[in-house]
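Structural overview
In case you want the letters, here they are:
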Amino acid sequence: MTHSAPRELASGNAMVARGALDAGCRFFSGYPITPSSEIYQVMMHELPRRGGLGLAASDEISALAYCVGASMAGYRAMTATSGPGFSLMIETIQYAVMTEIPVVVAFVQRLGPSTGGATQGGQGDVLLAEHCTSGGYTIPVFAPGDARQCYELTTWAFHWAERLRSPVVLLSDKEVGMTIEGIAPDGLRAHPVAARRPFVGAVPYVPYACDCPTEVPDFAPVGGASRVVATGSAHDPQGRLRKNAPEVLAILRRLEEKVRAHAEELILVDAEPVENAETLVVSYGVSARAARQACRALRAKGRRVAFLQLLTLYPVPERQVLEAAKGCRHVVVVEENLSGLYAGVLEAAIGRERLVRHGGLGAPITPAELVARVEVLG
């Protein structure tokens, strides 16, 4: 007789909260919004039991601002929202980029635009999540496709938020967040979370001083022994407002370079390679589940179809996609939005002649429709 590993039922949203708690999150603030409200509910309930603080905000603007304030005091912090709420958070996300404040934003997509369909899924915010900053600074974006990945990528998001002192977006969607499924708790993998490098020394603290163009400054908490200056305006290492001084421009360049320098470490993918594959199917989030199932069905029919799930969307896993697509005549990018938003991101690398967009609107993409789509490619 064999015994399977004990399993429990949990939603993706619940696993995001569990991952945050195991990653050491001690502050959460949010404003309930479907389909992310379960994260709010669990964090508000569990954090006080663990010595943390859950703070109900009057709106999404306040929620993220509270998180940034808690993080400036040295606490690992997270908020959760959906598309309309994320739109309100954009100014504070930019502030966190400029002031190098770690914070995790759990972003559960729903059908848009505007208030859209609160109880309908979608993957239409993939570009909004990344391109919300003036200047095009890279914000790490991770995309879980099931409850287990929600847990693991949440711990990954906290690691990189702390490591890079940056906002990080955990981008799921309504189906991933609200679907209850079986997980094996013993099989969960929590990524270790980096600690901020503390400021030590007898000299005055210089908040934005950094001797490496691809690293981050030492950290001193607001309210601690050192005087801390923080500003969202262009500043020099001391935090003084300056215009176009070389040291100011060096800081602006470092904000991007610290992410680019660690891009290969940030990127996670889940590949099912096939020798001499004729077609590669690429997907992320909930659509990756249908795409993976479709690829296995096609292989059962004798088709040489490889599969690649993108767990990191930004930085763009270009090298990983090109390696998986080597020798393939077609690269099918599967995502639940109108025009193939992320396919557009990959188009320059893949090439227009072999890129195939497969989208959906208002309902999840099914394995059957993907099988039919790939079969007609020849």
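Read on for a plain summary of the structure. (Residues numbered from 1 in each chain as written. Predicted model: local features only at pLDDT ≥ 70, side-chain atom pairs only at ≥ 80, totals over all residues. Heavy atoms only, no water.)

Some details on the sheet that holds strand 13 (residues 330-334)
Selection rule: Strand pairing is assigned whenever DSSP detects at least two bridges linking the two strands. Helix and strand definitions follow DSSP, with helices as H or I runs of at least four residues and strands as E runs of at least two, each counted in order from the N terminus. Every axis in this analysis is a line fitted to C-alpha atoms, fitted for helices over the stretch in contact. Angles between the N-to-C directions lie between 0 and 180 degrees. In this analysis, two residues are considered to be in contact whenever any of their non-hydrogen atoms come within 4.5 Å of each other.
Here 5 strands make up an open sheet; going across it, the order is 9-11-10-13-14 and the pairing mixed. Edge positions in the sheet fall to strand 9 (269-272) and strand 14 (355-358), since each has one partner strand and no second. On average, adjacent strands in this sheet sit at an angle of 20° to one another, irrespective of strand direction. Here strand 9 runs beside strand 11 (residues 305-310); their pairing, made up of 4 bridges, is antiparallel. The residue bridging Val269 from the neighbouring strand is Leu310, located in strand 11. Against the sheet, helix 13 (residues 367-375) makes contact with strand 10 (279-283), strand 11, strand 13 and strand 14, and its axis sits at roughly 155° relative to strand 14, the strand it touches most.

A few points about the packing of helix 1 (residues 12-22) against helix 6 (residues 147-164)
Operational definition: Two helices that cross are described as forming a left-handed crossing if the nearer one is turned anticlockwise from the farther one by less than a right angle, and a right-handed crossing if clockwise. Residues are sorted three ways: Asp, Glu, Lys and Arg are charged, Ala, Val, Leu, Ile, Met, Phe, Trp, Tyr, Cys and Pro are nonpolar, and all the rest, Gly among them, are polar.
It is the contact of helix 1 with helix 6, at a shortest axis distance of 7 Å, that shows an interaxial angle of 35°. As for how helix 1 packs across helix 6, the hand of that crossing is right-handed. Contact residues: helix 1 offers Gly12, Met15, Val16, Arg18, Gly19, Ala20 and Asp22, while helix 6 offers Ala147, Cys150, Tyr151, Thr154, Thr155 and Phe158. Partitioning the contact of helix 1 with helix 6 into residue classes produces 7 nonpolar, 4 polar and 2 charged.

What to know about the layout of surface pockets
Filter applied, for reference: In this analysis a 1.4 Å probe is tested at points of a 1 Å grid over the protein atoms alone, and where it fits but cannot get out there is a cavity; an open set with protein on both sides within 12 Å along at least five of seven lines is a pocket; lining residues have an atom within 4 Å of a point. Grid points are joined across faces, edges and corners, and a volume is the space filled by probe spheres set on the points.
One number sums up the size of the largest pocket: a volume of about 230 Å³. Taken together, 16 residues line the largest pocket, and the ones lying closest to its centre are Gly112, Pro113, Gly124, Asn337 and Leu361. Among the residues making up the lining of the largest pocket, the classes are represented as 5 nonpolar, 8 polar and 3 charged.

Side note on the packing of helix 11 (residues 318-325) against helix 12 (residues 341-350)
How two helices pack is summed up by the angle between their axes together with the distance between the axes. At a closest axis distance of 10 Å, the pairing of helix 11 and helix 12 adopts a crossing angle of 60°. The hand of the helix 11/helix 12 crossing is right-handed. Mapping the contact onto sequence places Glu318, Val321 and Leu322 in helix 11 and Leu346, Ala349 and Ile350 in helix 12. Partitioning the contact of helix 11 with helix 12 into residue classes produces 5 nonpolar, no polar and 1 charged.

Notes on unusual backbone geometry
Going by this rule: Three labels apply to residues, based on accessible area from a 1.4 Å probe with only protein chains included: buried if under 20% of the type maximum, exposed if over 50%, partly exposed otherwise in between.
That bond from Thr34 to Pro35 is cis: its omega, 10°, falls within 30 degrees of zero. Take Pro35: it is sitting in the loop between strand 2 (25-30) and helix 2 (37-49). Residue Tyr314 is joined to Pro315 through a cis peptide bond whose omega torsion reads 0°. One can find Pro315 in the loop between strand 12 (312-314) and helix 11. Positive phi values are uncommon outside glycine, yet Glu100 reaches one of about 60°. As for its position among the elements, Glu100 is in the loop between helix 4 (83-99) and strand 5 (103-109). For Glu100, a relative accessible area of 0% translates into the label buried. Backbone geometry places Arg165, a non-glycine residue, at a positive phi of 50°. Tracing the sequence through the fold places Arg165 in the loop between helix 6 and strand 7 (167-173).

Here's the deal with helix 13
The α-helix advances 3.6 residues per turn, and as a result positions three or four apart in sequence lie on the same side. How we decide: Working definition: the arc comes from the directions between the helix axis and the C-beta atoms, pointing outward to the latter.
By the burial criterion, the buried members of helix 13 are Leu370, Val371 and Val374. Along the axis of helix 13, the buried positions cluster into a sector of 105°, meaning they face one direction only. Among the structural elements, strand 10, helix 10 (285-300), strand 11, strand 13 and strand 14 are those in contact with the buried residues of helix 13.

So far we have only geometry, and geometry alone does not tell us how the molecule works.
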